[in-house]
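Take a look at the letters that make up each chain.
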Amino acid sequence: MDKHPDERLPEFAAANGLIHRRELLVGGLLASVAPAIAAQEGLSPPPWTLAPGRPMSGYGMPSEWRKTVQRGFTLPPGRPGTGASRTPLHLLEGTITPNGLHFERHHNGVPDIDPARHQLLIHGLVDRPLTFTLDDLLRYPLQSHIRFIECAGNSGGAAAPNPTQADAGTLHGLVSCAQWTGVPLAVLLQEAGVRSTARWVIAEGADSALLSRSIPLAKCLDDAMIALYQNGEAVRPEQGFPMRLLLPGFQGNTNIKWLRRLRVTDAPAHTKDETSKYSELMPDGRARQFMLEMGPKSVILKPSFGMNMQGRGFYEISGIAWSGAGRVRGVEISADGGRTWAQALLEGPVLPKALTRFRLAWRWDGSPVRLLSRATDEAGSMQPPRSEWVKQYAPGQGYHYNAMQAWDIDTAGKVTNAYT
Amino acid sequence: MRTPESRALVVVVLGLLGSLPVLADGPGLGKAADPAVVRMMDLTILPDGKDLPPGRGTVAEGKQIYEIKCLACHGVGGQGQPMDRLTGGVGSLATPAPVKTVNSYWPYATSLFDYIRRAMPLTTPQTLRSDEVYALVAYILSIDGVVKPDAALDAMSLPAVKMPNREGFLNWWENPRR
């Protein structure tokens, strides 16, 4: 009886495993090499086919074989409570971040909030100061939107004079994307009755940092949401359970988690996290404040640092792109350091303020190359080269870094982080 | 995203600013907030300082409290280590080695009161009395001469403090790409 093609031993043309070129015609080189390793074992049925599997579980977990797909974090010594963990972007596919891998940034730890004892207060320049419980909000008409959240500090290490050699998750993993479901904030503000002098809304979390940010009223009346669900389940504690503010396209820090209070005002509060932090110092010593929208950005994830090339031949380049201004209009890829560019395929649906996957087929001939990607958004803004981006800011200023990421590939196929 | 519905809602809301019957978009389940709850929860101090609480604290008192409750994390005289540096760096922002601290960078002293009261000390936040917060603000500001060594701060004097970098911030939301 004929063997299944995957079990067939490849036809060797010479000693030490040189495979005959006919293999390329028959099954394809790649397809025949990997199964060949398993061919010896393949003579007996794999054990998981011979005994019943595990029983059902209350909450499923990723495969044991993928246990190492974890958020990346460093715990700076002596820094209780404040810190970040990053989405391992280079180990994921598609555009939706699994809830357990959504990046985290907390300023004093993750509170364990009893939803029955939590309420949202709306007060200040309103006709009717109101409080809402989670149960109240669950009775409102809900909306679902797929949106990214990116920390303003994402990729900020690239402001340093020399490129850090680290994987894409470590370099750029303070961005994640989820389907968020909740109540449009405009509905609640309308119920409270916003007064005509109102211009800002000061949002505050119920964590022990009582993290607080001033949000333009216009944003609150546009696409802001009180998010209650994340990818179909209750918002995770690290993401603000029982409720968070979602401000699509705005710097992550403004998307206040554990939201407990919205005070409508005529002016911003100039809180610590919109003055001392999350403001952008320029070379002349002045700082941009309330630069809230995240710029257009893209990162090639395949290949990227740590995923070295497996020899010359066919590869798929793929990565993610996004913009706080709306949809990604296009992503271009260069394999010659930016001299010539090719349009990548955008995998639909291309949603506004959401991660967008791009792909492009590539045949590597084994010579050294510099890979670059650059995104353009529907507002017409394009990712700048790093050399242009850094000119806008004081030395070391890393907030809102959205310059192009370059990966250098040498003849051995090693991928390194490079500056342009 | 601005869906057509949300845009329509914005128009409706903006159109009604000032007048305001409750519209039928939501079930209207918000409960009237108890003014006592609002007072308890509202810790925000804007630059106008209108919501500053009664109380008063001096530089000397602040130094004592600082050394007990803050020094371990922010260093002698706010010089930093292991955590954020709070003092020094005044005049450095336009140099090749800018040092951003409370005294060199923050535009308003009210923000310092607001932040210390809500968030510090890190492991026991919201435990400081108003007098202590005024005193800590006075002490930190005094280290770089922003207030005099014999200064006392209260709800009147604190918002009047002029921070060295008061004019250093550009509101990018209202006026981008200046």
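Residues numbered from 1 in each chain as written. Chains lettered and ligands numbered in written order. Predicted model: local features only at pLDDT ≥ 70, side-chain atom pairs only at ≥ 80, totals over all residues. Heavy atoms only, no water.

Enquirer: Give a detailed account of the overall build of chain A, specifying residues and quantitative values.
Expert: Within chain A one finds seven helices and 25 strands. The proportion of buried residues among the 420 residues of chain A is 54%. Considering only intrachain contacts with a sequence separation of at least 6, the fraction spanning at least 24 residues in chain A is 72%. For chain A, the exposed surface amounts to about 18,300 Å²; the carbon and sulfur share of it is 56%. (Helix = DSSP H or I, 4+ residues; strand = E, 2+ residues; numbered from the N terminus. Buried < 20%, exposed > 50% of the residue type's maximum accessible area, 1.4 Å probe, protein only. Contact = heavy atoms within 4.5 Å. Areas by Shrake-Rupley, 256 points an atom, 1.4 Å probe, with all protein chains shown as cover.)

Enquirer: How would you sum up the confidence of the model for chain A? Please name residues and give values.
Expert: Residue and element names in this part refer to chain A. Taken residue by residue, chain A gives an average pLDDT of 91. The fraction at 70 or more is 89%. Scored below 50 in pLDDT, residues 1-8 shows six contacts in the model against residues more than four places distant or in partner chains. Within the model, pLDDT remains below 50 along residues 10-35, and this stretch shows 23 contacts once partners closer than five positions in the same chain are excluded. (pLDDT = per-residue confidence, 0-100.)

Enquirer: Now, about empty space enclosed by the protein: what can you tell me, with residues and values included?
Expert: Residues and elements named next belong to chain A. One pass over the structure, following the stated rule, counts five cavities of 30 Å³ or more. Taken together, 19 residues line the largest cavity, and the ones lying closest to its centre are R105, R244, G252, N253 and K257. Here the element with the most residues in the lining of the largest cavity is strand β4 (residues 104-106); it accounts for three residues. Split into classes, the residues belonging to the lining of the largest cavity amount to seven nonpolar, seven polar and five charged. Reported here for the second largest cavity is a volume of approximately 80 Å³. In terms of lining, the second largest cavity is formed by L89, L92, E93, G94, T95, I96, T97, L301, I320, L355 and R357. (1 Å grid on protein atoms, 1.4 Å probe; cavity = no way out; pocket = protein on both sides within 12 Å on 5 of 7 lines; lining within 4 Å. Points joined across faces, edges and corners; volume = space filled by probe spheres on them. Nonpolar A, V, L, I, M, F, W, Y, C, P; charged D, E, K, R; others polar.)

Enquirer: Explain the domain arrangement of chain A to me, using residue names and the numbers behind them.
Expert: Residue and element names in this part refer to chain A. Splitting chain A by domain gives domain 1 (119-288) and domain 2 (297-418). For domain 1 and domain 2, the distance between their C-alpha centres works out to 28 Å. Each side of the interface is counted separately: domain 1 has 37 residues, and domain 2 has 30 residues. A buried area of about 2,600 Å², summed over both sides, lies between domain 1 and domain 2, and 60% of it is on carbon and sulfur atoms. Where domain 1 packs against domain 2, one counts two salt bridges. Here K353 and D223 are joined by a salt bridge, their closest N and O atoms 2.9 Å apart. For the interface between domain 1 and domain 2, the tally reads 17 residue pairs in polar contact (both at pLDDT 80 or more). When contributions to the side of domain 1 that touches domain 2 are tallied by element, the ones reaching two or more residues are β7 (143-150), α4 (168-172), β8 (175-184) and β15 (280-281). Of the residues forming the side of domain 1 that touches domain 2, the biggest block, four residues, is contributed by β7. When the residues that make up the side of domain 1 that touches domain 2 are grouped by side-chain class, the tally is 18 nonpolar, 11 polar and eight charged. (Domains from an automatic or database assignment. Buried area = accessible area lost by both parts, 1.4 Å probe. Salt bridge = Lys/Arg side-chain N within 4 Å of Asp/Glu carboxyl O. Polar contact = N/O pair within 3.5 Å; in protein donor to acceptor, adjacent residues only side chain to side chain.)

Enquirer: Explain the interface of chain A and chain B residue by residue, including any values.
Expert: On the side of chain B, 60 residues touch chain A, which itself brings 72 residues to the contact. Summing the contributions of chain A and of chain B, the shared interface buries around 5,800 Å²; its carbon and sulfur component is 60%. Seen at the junction of chain A and chain B, the total is six salt bridges. A salt bridge links K31 of chain B to D136 of chain A, with the shortest nitrogen-to-oxygen separation between them at 2.7 Å. The tally of links from chain A across to chain B stands at 25 residue pairs in polar contact (both at pLDDT 80 or more). Examined bridge by bridge, strand β6 (residues 130-133) of chain A and strand β1 (residues 31-32) of chain B share two bridges and lie antiparallel to one another. Looking at β1 of chain B, one finds that L130 of chain A is bridged to A32 of chain B. (Pairing = 2+ DSSP bridges.)

Enquirer: Before we move on, can you summarise the confidence of the model for chain B with the specific residues and values?
Expert: Residues and elements named next belong to chain B. Across chain B, the average pLDDT comes to 89, with 86% of residues at 70 or higher. In this model residues 1-24 is a low-confidence stretch, pLDDT under 50, and it forms 38 contacts with partners more than four residues away in sequence or in other chains. Model confidence for the complex is summarised by a pTM of 0.90, with the ipTM given as 0.88.

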